[in-house]
Amino acid sequence: MGSGASKKTADGQEVVALVEAPAASAGGSAGGAPAQASGCSAGAKADLGEPPAAVPEKPKAPPEGKRPRPARKTKDKGGAVEAVASEDTAPSGSPARRSPQDRGPRLPSPPPAASKAAELDDDDDDDETTTTIITTTSITRTETTTTKTFTTSTSTTSTSTTGPYVFGGNITEDAFAGWLSIWRNNYQVGLWNAGVPDPWESLMPKSLKGIKPIVVESSGGVAGGIVTEGMGYGIMIEGFLAAKGKDVRALNYSLALIKSWQGMVNGGAANGKITQPFAGGENKTHSATKVDQWPYGISAVEWSHEKLAPAGVPAWKFPLTEKNIQSNMGSAADGDQDAILGMIYTAHALDFPSDFVDMVMRSVISFASADLGFPDLYRILPNGEKIYVPKLGSMWGGLLPEHGKFKTLQQPWCYSPGYFAPAHYRTMRDFALKHWKKEYNDYMPNTLAGKPTTLDEMAEAFDSAVTAGYNILYYSSCSSGSVSNWVGVMTPCEDDDDLHCHGVPWQHTPWVGPDGGKCAQSGTKFGSFGADASRSAWRIAMDYVLYREESRQVTMYDRDGRPSEDIRFGAQRFLNRIVVQYATSSICDGGVLGDCFKNTSSPYRMAYAYDVDKFNATNVQCDNVPEAPESWWAGFMAYPTFAAFVAPFDEIGAEQMTNWMDTFSSICNFTMVDKWNFTRGHKPRGSICLTSYFEASQAVIATMVMSNNLVPIFSPSFHYNSKNQVTILENEAIQADAQVQAAARNVAAVGFFGAGVSLVEVSVVLLLAMCFVAMTRRRRTWSGYSVLSNGRAKSPRDRVASGRRLVPAPAGAADADETMRLSALAVSEDA
């Protein structure tokens, strides 16, 4: 545990150091924009670096009729003041705008009559692991102000469409260390910063007792203060690093942030006029803890078998006062899911102590209910499948109706693809399935009809949210990987008080309904690739890294909600869209280190991929993303897209993908940044290197993903598939049944034919022993199965007799429980 010591910076800010710091370090490699909130507001860029000498010095004028907004000043954590322009410009002397035809290819040309977009959306070569022989092209470039020539040579190489994820090299690792130091400078000691008293020590899990709480101080847009978005980022980052085990401070930071989260769930004091637990409810008794009270769902479980404090999801912003309670109440799903993911990884680092698991399990249940709408808020597709659409928080968004008892607090039928976090939902599902205890059923919310709910039903809700999210993402994105900030999922029921009915949430996406309605929040635009939407890239990259196979096997539906074999989509396909956009639109080859920074420190050559205003980037707007995007030169726009390169792409080898990530990580120079304590060094130098809250958050998360810091903690054989009802079955128990019966028959036969024969007596003894061993093995196996299946099945024979058949698990699947050596089998319905 850390010492909990803190110190003041030059500008009077208090920073936390939970363990003894080593001597100051400096070292690094070769780069943000203004801040935003939970649901984000936009900004721009810093110094763009020295332009190449061969191009004109005069920057391009703004488009006719469009006046650049004046620069504003933001105070950075180090106390310095940075000028931030809302309208970004190219580096002084950057090349004039060029048409897409003039840029030249960056990848081999596609086969005749087949475009790259068509290949990504329609081919089926990644339905299973395959090896493909392809031809790659090496490009040599000569560049002047007006012309560009290419010399190409070809070679043959072999790649795999389903290889493990790729990560950056030393440059990326160094960039992550720099951004992590910058990010941690947002930590402040004391829960009092959020206007919340420290939680009672006696009601904390053992791991949290004696830990001094810390909070993440955010700034900019609607995020000023303490918001769950920042807290969620902090817990997630530190949780991943604690599970990885290489960062000596991560576990202490994670525990300190989690302790503050627990205090925030209970709520602020405000002269005793705030209901506790406040969580994601309004200031009324039972609003947070009863499913039939507005807002729909439970956002906290206020009691515990372990005699712990309430656990769940808190209000989105603190401090809470009587004056701001209406604007600050209600949870925010993005911060909630990041925080709970970090809690699960922290539990793994602690080896899952029972009291800590109890706290996290109640948080998972609260998230499922408050932010997913479990168990009543869903739609039913034509094939009968339930579809849960992640809400934007406990009080608004998703499928909450416009009117009725559980009406949305804000704009109805609104959804943000940037909130979609499939790896988070899968991890919560697996955590619950792996660590469920019978007594946890007491924490589960009933349906509005009073029916108890089950673990299986909650697991299916998480799976459903993944399916819904990928389908909505498909209808909310372009072939470039750009995504809409806000889209519609309008699917009303006939009665406003009905929370579930037949319908297809993505039928009109991105529009809100058939009449082309719009919705937006948090200062970002509907239908635009902006600060809310940009986070899709690293969230989907996490799904590929942590759940590679599952993330590629997504059931896609047409607009009418019917399964479509013509639509092929998933994590790798989405991420590869971004890779292709950079590779085909940049005027440099990021797969060759140094190529994008020849004669300049500016990354403008890569900006051609997404900068619509200055470089005429293509495919960033489309029918699914109808509005103009925010500037790529904002760190919160650029950095998330870099994480897409962790998913392999056949036409760019693994070494080149690593080089691309190192190229991106070279945008900022961290040589003068102190990697242990940011306040003891200097800021990074270069373009897109702002160190304010939101820019730093996106940079540190993206580089964390790229630098191999995400570790899967659940075996792939344990992953729950709601469509086939995958369960750990007792094939050994079936064999044990047969052995017991065979031994009994043999004993009877020997006893009947061999009475009085000493040899037979010996045989009887041996057979009796065999029978005893078989029965013992049978009891042990059935007992283990009962634990793993939570007592759901009476007998495998009953399953077979009821019309179900046993299907062997995939070859190579690991045992789900090594101590019992049970094989994984899938139970599927007979046709």
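The following paragraphs examine the structure supplied in this document.

## Re the overall build of the chain
- Regarding its fold elements, the chain presents 19 helices and 22 strands.
- Counting every position in the chain, which comprises 831 residues, the buried fraction comes to 59%.
- Looking at the chain as shown, the accessible area adds up to about 32100 Å², and 52% of this sits on carbon and sulfur atoms.

## Considerations on the nonpolar core
- Core analysis: the largest hydrophobic core is formed by 203 residues, its most contacted members being Met458, Met542, Tyr582 and Trp632.
- Broken down by element, the residue count for this core peaks at 12 residues, all from helix α9 (residues 455–474).
- Discounting chain neighbours no more than four positions away, the residues touching tryptophan 632 are Tyr582, Pro603, Met606, Ala607, Tyr610, Asp611, Met637, Ala638, Phe642 and Ile688.
- In terms of nonpolar packing, the next biggest core, distinct from the first, is built from 9 residues, Ala333, Leu392, Trp486 and Val512 among them.

## Observations regarding the environment of proline 314
- Its location among the elements puts proline 314 in the loop between β11 (311–312) and β12 (317–318).
- Sequence separation between proline 314 and aspartate 336 is 22 residues, and the spatial gap between their C-alpha atoms is 8.0 Å.
- Excluding anything up to four places from it in sequence, proline 314 contacts Thr228, Trp261, Met264, Val265, Ala279, Gly280, Gly330, Ser331 and Asp336.

## Side note on the state of the cysteines
- Summed over all chains, the structure comprises 5 disulfides.
- One disulfide bridge connects cysteine 414 with cysteine 519, the sulfur atoms lying 2.0 Å from each other. Measuring the twist about the S-S bond at about 85 degrees, one finds the cysteine 414-cysteine 519 disulfide to be right-handed. Highlighted residues: cysteine 414 in strand β15 (residues 414–415) and cysteine 519 in the loop between β17 (500–502) and α10 (536–546), separated in sequence by 105 residues.
- What makes cysteine 414 buried here is its relative accessible area of 0%.
- The disulfide partner of cysteine 478 is cysteine 622, and the S-S distance across this bridge is 2.0 Å. Sign of the S-S torsion, about -95 degrees for the bond between cysteine 478 and cysteine 622, identifies this disulfide as left-handed. Of the two residues, cysteine 478 is situated in the loop between α9 and β16 (487–488) and cysteine 622 in the loop between α13 (612–615) and α14 (635–642); the sequence distance between them amounts to 144 residues.
- Each disulfide in the chain links cysteines that, numbered along the sequence, combine into the pattern 1-5, 2-8, 3-4, 6-7, 9-10.

## Here we look at the sheet that holds strand β14 (residues 386–387)
- Ordered in space as β14-β13-β17, the 3 strands form an open sheet in which the pairing is mixed. With partners counted over all chains shown, the strands left at the sheet margins are β14 and β17, one partner each.
- Across 3 bridges, the pairing between strand β13 (residues 378–380) and β17 is parallel. Pairing of isoleucine 380 across the sheet is with histidine 502, part of β17.

## Considerations on unusual backbone geometry
- Put simply, phenylalanine 374 and proline 375 share a cis peptide bond, and its omega is 10 degrees.
- Here proline 375 shows up in the loop between α7 (354–370) and β13.
- The amide bond that connects threonine 509 to the next residue, proline 510, takes the cis arrangement and shows omega of 15 degrees.
- If you trace the backbone, proline 510 turns up in the loop between β17 and α10.
- Positive phi, normally seen in glycine, also occurs at histidine 286, with a value near 70 degrees.
- Structurally, histidine 286 can be placed in the loop between α4 (250–266) and β10 (300–301).
- A relative accessible area of 40% means that histidine 286 is categorised as partly exposed.
- Residue asparagine 616 is not a glycine yet carries a positive backbone phi of 60 degrees.
- Tracing the sequence through the fold places asparagine 616 in the loop between α13 and α14.
- What makes asparagine 616 partly exposed here is its relative accessible area of 28%.

## Examining the packing of helix α8 (residues 422–435) against α9
- The interhelical angle for the contact between α8 and α9, taken along N-to-C directions, is 165 degrees, at an axis separation of 9 Å. For the element pair α8 / α9, the angle class is roughly antiparallel. In terms of crossing hand, the pair formed by α8 and α9 is left-handed. In contact with Pro422, Tyr425, Arg426, Met428, Arg429, Ala432 and Leu433 of α8, α9 contributes Leu455, Met458, Ala459, Phe462, Asp463, Ala465, Val466 and Tyr470.
- Taken together, the residues of the contact of α8 with α9 break down into 12 nonpolar, no polar and 3 charged.

## Side note on the pattern of salt bridges
- Per the counting criterion, the structure on display carries 21 salt bridges.
- For lysine 518, the salt bridge goes to glutamate 627, with nearest N and O atoms at 3.3 Å. With lysine 518 in the loop between β17 and α10 and glutamate 627 in the loop between α13 and α14, the pair connects residues that are 109 residues apart, well separated along the chain.
- Looking at glutamate 627, the relative accessible area reads 26%, which means it is partly exposed.
- For the salt bridge of arginine 552 with glutamate 549, the shortest nitrogen-to-oxygen distance reads 3.4 Å.
- In this structure arginine 552 comes out as buried when scored by relative accessible area, which is 10%.
- The partly exposed category is assigned to glutamate 549, whose relative accessible area is 32%.
- Through salt bridges that share partners, Arg426, Arg429, Asp430, Asp463, Asp543 and Glu550 make up one connected network.

## Structural notes on α7
- Compared with an ideal rise of 1.5 Å per residue, which puts 17 residues at 24 Å, α7 spans 24 Å between its outermost C-alpha atoms and is within 8% of the ideal.
- By the criterion of burial, α7 is predominantly enclosed, with 16 of the 17 residues buried.

Definitions and cut-offs
- Residues numbered from 1 in each chain as written.
- Predicted model: local features only at pLDDT ≥ 70, side-chain atom pairs only at ≥ 80, totals over all residues.
- Heavy atoms only, no water.
- Helix = DSSP H or I, 4+ residues; strand = E, 2+ residues; numbered from the N terminus.
- Buried < 20%, exposed > 50% of the residue type's maximum accessible area, 1.4 Å probe, protein only.
- Areas by Shrake-Rupley, 256 points an atom, 1.4 Å probe, with all protein chains shown as cover.
- Core = buried A, V, L, I, M, F, W, Y, C linked by side-chain atoms within 4.5 Å.
- Contact = heavy atoms within 4.5 Å.
- Disulfide = S-S within 2.5 Å.
- Pairing = 2+ DSSP bridges.
- Axes fitted to C-alpha atoms, helices over the stretch in contact; angles between N-to-C directions.
- Parallel < 35°, antiparallel > 145°, perpendicular 65-115°, else oblique.
- Left-handed = near helix turned anticlockwise from the far one by under 90°.
- Nonpolar A, V, L, I, M, F, W, Y, C, P; charged D, E, K, R; others polar.
- Salt bridge = Lys/Arg side-chain N within 4 Å of Asp/Glu carboxyl O.
- Expected span 1.5 Å × (residues − 1).

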